[in-house]
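Topology and contacts: notes
What follows is each chain in one-letter form.
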Amino acid sequence: MSDNVKRGIVFAAILGVILFALGLRVDHPKSGLKNALGSAESSIVVYWHQSKISVGERVLVVLDKSALDPAVAIVNNVNSDSIDVSTTGAFNRVPNEKVKGSLVMVFPFIGTLLGVFGL
């Protein structure tokens, strides 16, 4: 392996650790809103952990339904102790501590591969 490849790997690892420390996370949703390229279940999402949430934002939440958690949702209302979100065909009130964070990016189709392995 060349020195440039080794430096690239080390740089990517350091960058990943720094971004994780700042609150950037990756997760595989089990339910929620679809995007233009498919369902939430077939995607991997990147989100900012517990960032400030506002109305109209897409978030990753825990609905306390094991088969559906975590879920991609859109924020309809923000209260002091909870938020109201809409997922596929349902409205839910979620306590603030159950909000994982706001979505930054969605990678379609990768979640399908993880689903084959049971992740």
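Residues numbered from 1 in each chain as written. Predicted model: local features only at pLDDT ≥ 70, side-chain atom pairs only at ≥ 80, totals over all residues. Heavy atoms only, no water.

On to the UniProt feature "transmembrane region" (unreviewed entry) in the chain. The UniProt record marks residues 6–24 and 101–118 with the feature "transmembrane region" (unreviewed entry), using the residue numbering of this structure. Across residues 6–24 one finds 89% helix and 5% strand; the C-alpha atoms that close the span lie 24 Å apart. (UniProt positions renumbered as here; feature names shortened; annotations may be inferred. Helix = DSSP H or I, 4+ residues; strand = E, 2+ residues; numbered from the N terminus.)

Now for the nonpolar core. Membership of the largest hydrophobic core is limited to eleven residues, which are Ile 53, Val 59, Val 61, Leu 63, Ala 71, Ala 73, Val 75, Ile 83, Val 85, Val 94 and Val 99. For this core, the secondary-structure elements that each account for two or more residues are β4 (58–61), β5 (71–78) and β6 (82–87). No other element matches β5, which puts three residues into this core. Sequence-distant contacts of Leu 63, defined by excluding residues within four places in its chain, comprise Asp 69, Ala 71, Thr 87, Asn 92 and Val 94. (Core = buried A, V, L, I, M, F, W, Y, C linked by side-chain atoms within 4.5 Å. Buried < 20%, exposed > 50% of the residue type's maximum accessible area, 1.4 Å probe, protein only. Contact = heavy atoms within 4.5 Å.)

With that settled, the discussion passes to the pattern of salt bridges. Across all of its chains, the model carries three salt bridges by this definition. Lys 100 is the partner of Asp 27 in a salt bridge, and the nearest nitrogen-oxygen pair spans 2.5 Å. On the criterion of sequence distance, the pair formed by Asp 27 in strand β1 (residues 24–27) and Lys 100 in strand β8 (residues 99–108) is long-range, its members being 73 residues apart. On the accessibility criterion, Asp 27 (17% relative accessible area) is buried. Across the pair Lys 98 and Asp 64 runs a salt bridge whose closest N-O atoms are separated by 3.0 Å. Of this pair, Lys 98 sits in the loop between β7 (90–95) and β8 while Asp 64 sits in the loop between β4 and β5; the two residues are 34 residues apart in sequence, bridging distant segments of the chain. (Salt bridge = Lys/Arg side-chain N within 4 Å of Asp/Glu carboxyl O.)

On to a nonpolar patch on the surface. Where nonpolar side chains cluster on the molecular surface, the patch consists of Val 10, Ile 14, Ile 18, Leu 22, Trp 48, Val 104, Met 105, Phe 107 and Ile 110 and spans about 810 Å² of accessible area. Of all elements in the fold, only α1 (3–22) and β8 reach the threshold of two or more residues within the nonpolar patch. Top element by residues in the nonpolar patch is α1. It accounts for four residues. Inspection of the secondary structure puts Ile 110 in helix α2 (residues 110–116). (Patch = residues over 30% accessible without salt bridge, like charges linked within 9 Å, V, L, I, M, F, W, Y side chains within 5 Å. Areas by Shrake-Rupley, 256 points an atom, 1.4 Å probe, with all protein chains shown as cover.)

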